[in-house]
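Coordinate inspection notes
Residues per chain, in single letters:
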Amino acid sequence: MLMQSENRMFDDFVKFVNGAAGTFAGMGREAQAGARDRAREWIGGLDFVSRDEFEAVKAMAVAARDEADALKARLDKLEAAKAKG
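The paragraphs below set out a description of the structure included in this document. (Residues numbered from 1 in each chain as written. Predicted model: local features only at pLDDT ≥ 70, side-chain atom pairs only at ≥ 80, totals over all residues. Heavy atoms only, no water.)

Some details on the overall build of the protein
What the protein contains, in helices and strands, is two helices and zero strands. For a compact globule of 85 residues, the expected C-alpha radius of gyration is about 12 Å, and the protein comes in at 35 Å, more than 25% above that figure. Reported as C-alpha extents along the three principal axes, the dimensions of the protein are approximately 120 × 20 × 10 Å. Expressed as a percentage of its 85 residues, the buried residues of the protein come to 2%. For the protein, the exposed surface amounts to about 8100 Å²; the carbon and sulfur share of it is 62%. (Helix = DSSP H or I, 4+ residues; strand = E, 2+ residues; numbered from the N terminus. Rg over C-alpha atoms; globule rule 2.2 N^0.38 Å. Buried < 20%, exposed > 50% of the residue type's maximum accessible area, 1.4 Å probe, protein only. Areas by Shrake-Rupley, 256 points an atom, 1.4 Å probe, with all protein chains shown as cover.)

Quick word on the pattern of salt bridges
For the coordinates displayed, the defined rule picks out three salt bridges. In this structure, Asp76 engages Lys72 in a salt bridge whose closest nitrogen and oxygen atoms are separated by 3.2 Å. Linking Asp76 with Lys72, this pair stays in helix H2 (residues 51-84), spanning four residues, or about one helical turn. On the basis of relative accessible area, Asp76 is assigned to the partly exposed category, the value being 37%. (Salt bridge = Lys/Arg side-chain N within 4 Å of Asp/Glu carboxyl O.)

Considerations on the environment of Ala70
Structurally, Ala70 is set in helix H2. When the C-alpha atoms of Ala70 and Glu53 are compared, they prove to be 26 Å apart, with 17 residues separating the residues in sequence.

Topic: a nonpolar patch on the surface
On the surface, Phe10, Phe13, Val14, Phe16 and Val17 cluster together into a nonpolar patch covering about 510 Å² of accessible area. Within the secondary structure layout, Val14 lies in helix H1 (residues 2-44). Its relative accessible area of 31% is what places Val14 among the partly exposed residues. (Patch = residues over 30% accessible without salt bridge, like charges linked within 9 Å, V, L, I, M, F, W, Y side chains within 5 Å.)

Right, dumping it as structure tokens:
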């Protein structure tokens, strides 16, 4: 009878520890998800751009720079021709 009582106490203790471990694991997952959501909200409030948006604006800037360089070369050529004539 004493043996059954000790086994039952051990079984109850194991169930308690397993339940507590499951609870703590669940709390950890909830805390991680909450922290992730708060980080997304915080980052979303900042003026970050996606990589695609950055690359698109970068390409537009390169094209504008190329066009400005071409126009400057054309203007220099016109001014040189005017100065000769």
